[in-house]
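Chain by chain, the residues:
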Amino acid sequence: MTGDQEFIEDSMHVAIIMDGNGRWATERGLPRTAGHHAGIRSLREIVETAVQRQIHTLTLYAFSSDNWQRPQSEVRALMRILAAQLPSQAARCVRQNIRLSIIGRRDRLPDPVLQAVQRAEARTIHGTALHLRLALDYSARDSLTRAAQHVGNNGNGDFLQALMRAYNADSPVPDVDLLIRTGGEQRLSDFLLWECAYAELYFTPDYWPDFDGTKLDAALYAFQKRQRRFGSVSV
Ligand code: IPE
Ligand code: IPE
Ligand code: MG
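Our subject in this report is the structure included herewith. (Residues numbered from 1 in each chain as written. Chains lettered and ligands numbered in written order. Predicted model: local features only at pLDDT ≥ 70, side-chain atom pairs only at ≥ 80, totals over all residues. Heavy atoms only, no water.)

Some words on unusual backbone geometry
Line of reasoning, step 1. Even without being a glycine, Asp137 presents a positive backbone phi close to 45°.
Line of reasoning, step 2. Turning to its location among the elements, Asp137 is positioned in strand β4 (residues 130–138).
Line of reasoning, step 3. Its identity as a non-glycine residue notwithstanding, Ser189 has a phi of 45°, on the positive side.
Line of reasoning, step 4. Within the element layout of this structure, Ser189 appears in the loop between β5 (178–181) and β6 (200–203).
Line of reasoning, step 5. For Ser189, a relative accessible area of 35% translates into the label partly exposed. (Helix = DSSP H or I, 4+ residues; strand = E, 2+ residues; numbered from the N terminus. Buried < 20%, exposed > 50% of the residue type's maximum accessible area, 1.4 Å probe, protein only.)

Structure, rendered in structure tokens:
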């Protein structure tokens, strides 16, 4: 696609609910975990395209707090994939000048995942081309509740600072400009409820393993056509 930069705003924040891995695999007669493996290819391509399009922040929903309710074998497989992929993804991030950080609870992550998270964050801390945030054991409601409790317990604290701390973010909470959900469902599933107050929503039936750079461009193009009013009137 040419003229791609035209549809990117300054400091654009794109968030993606990477859904549909299980159905992608089931439709091929494969175990659901094969879909999670296949999703890694999409993740790499989308991150590369995000850098090329000069997106400022990309937040990817990788594992929700409710996902712990899945069969143990699937949860274990997902945690193994994370522990195995984070080091190579971090190396890719260093090469591409990307800062990788993780939002969500850390106290329930298996040790190998937590260690991989900490190493990946430390290795990529100086990246400036893109801030890639992976949401792991993430629940917007849980973060909001804990932030509210923190502010309540400490008098008139700063709510956004408390929210940042609640999901272990190391930089301010950016509003989402464009929220993409793959896999055909049209819901938020407890993702970035606060940050999506004025997000443009884009739902696609494509399963996550089928989502590629061209499809991200289509979403960015659709975003460019939207008229954002933020409660005001268009001029
Ligand atoms: C998203 O794909 C990945 C995770 C939630 C970890 P799913 O595993 O939810 O795939 P579907 O929605 O069942 O097809
Ligand atoms: C949301 O997808 C979580 C992730 C993509 C990581 P789910 O598949 O868990 O959401 P529901 O259950 O369809 O709402
Ligand atoms: Mg799903």
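Things to note about the site of ligand 2
Line of reasoning, step 1. Taken together, Ile17, Met18, Asp19, Tyr61, Ala62, Phe63, Asn67, Arg70, Arg181, Arg187 and Ser189 form the complete shell of residues around ligand 2.
Line of reasoning, step 2. A distance of 2.9 Å is found between an oxygen atom of ligand 2 and a side-chain nitrogen or oxygen belonging to Asn67.
Line of reasoning, step 3. A distance of 3.2 Å is found between an oxygen atom of ligand 2 and a side-chain nitrogen or oxygen belonging to Arg70.
Line of reasoning, step 4. Alone, ligand 2 offers 390 Å² of accessible surface; in the complex the protein occludes 77% of this.
Line of reasoning, step 5. Split into classes, the residues belonging to the shell around ligand 2 amount to five nonpolar, two polar and four charged. (Near = heavy atom within 4 Å. Polar contact = N/O pair within 3.5 Å; in protein donor to acceptor, adjacent residues only side chain to side chain. Areas by Shrake-Rupley, 256 points an atom, 1.4 Å probe, with all protein chains shown as cover. Nonpolar A, V, L, I, M, F, W, Y, C, P; charged D, E, K, R; others polar.)

Focus: the sheet that holds β5
Line of reasoning, step 1. Strands sit in the order β3-β4-β2-β1-β5-β6 across an open sheet of six strands; the sheet is parallel. Strands at the two margins of the open sheet, each flanked by one partner only, are β3 (98–103) and β6. For this sheet, the mean inter-axis angle between neighbouring strands, taken without regard to orientation, is 20°.
Line of reasoning, step 2. As judged from the five bridges shared by strand β1 (residues 13–17) and strand β2 (residues 57–64), these two strands associate in the parallel manner. Each bridged residue has a counterpart across the sheet, and for Val14 the counterpart in β2 is Leu58.
Line of reasoning, step 3. Its contacts with the sheet put helix α4 (residues 111–124) on β3 and β4, and the angle it makes with β3 is roughly 145°. (Pairing = 2+ DSSP bridges. Axes fitted to C-alpha atoms, helices over the stretch in contact; angles between N-to-C directions. Contact = heavy atoms within 4.5 Å.)

Nothing here speaks to function; it is geometry throughout.
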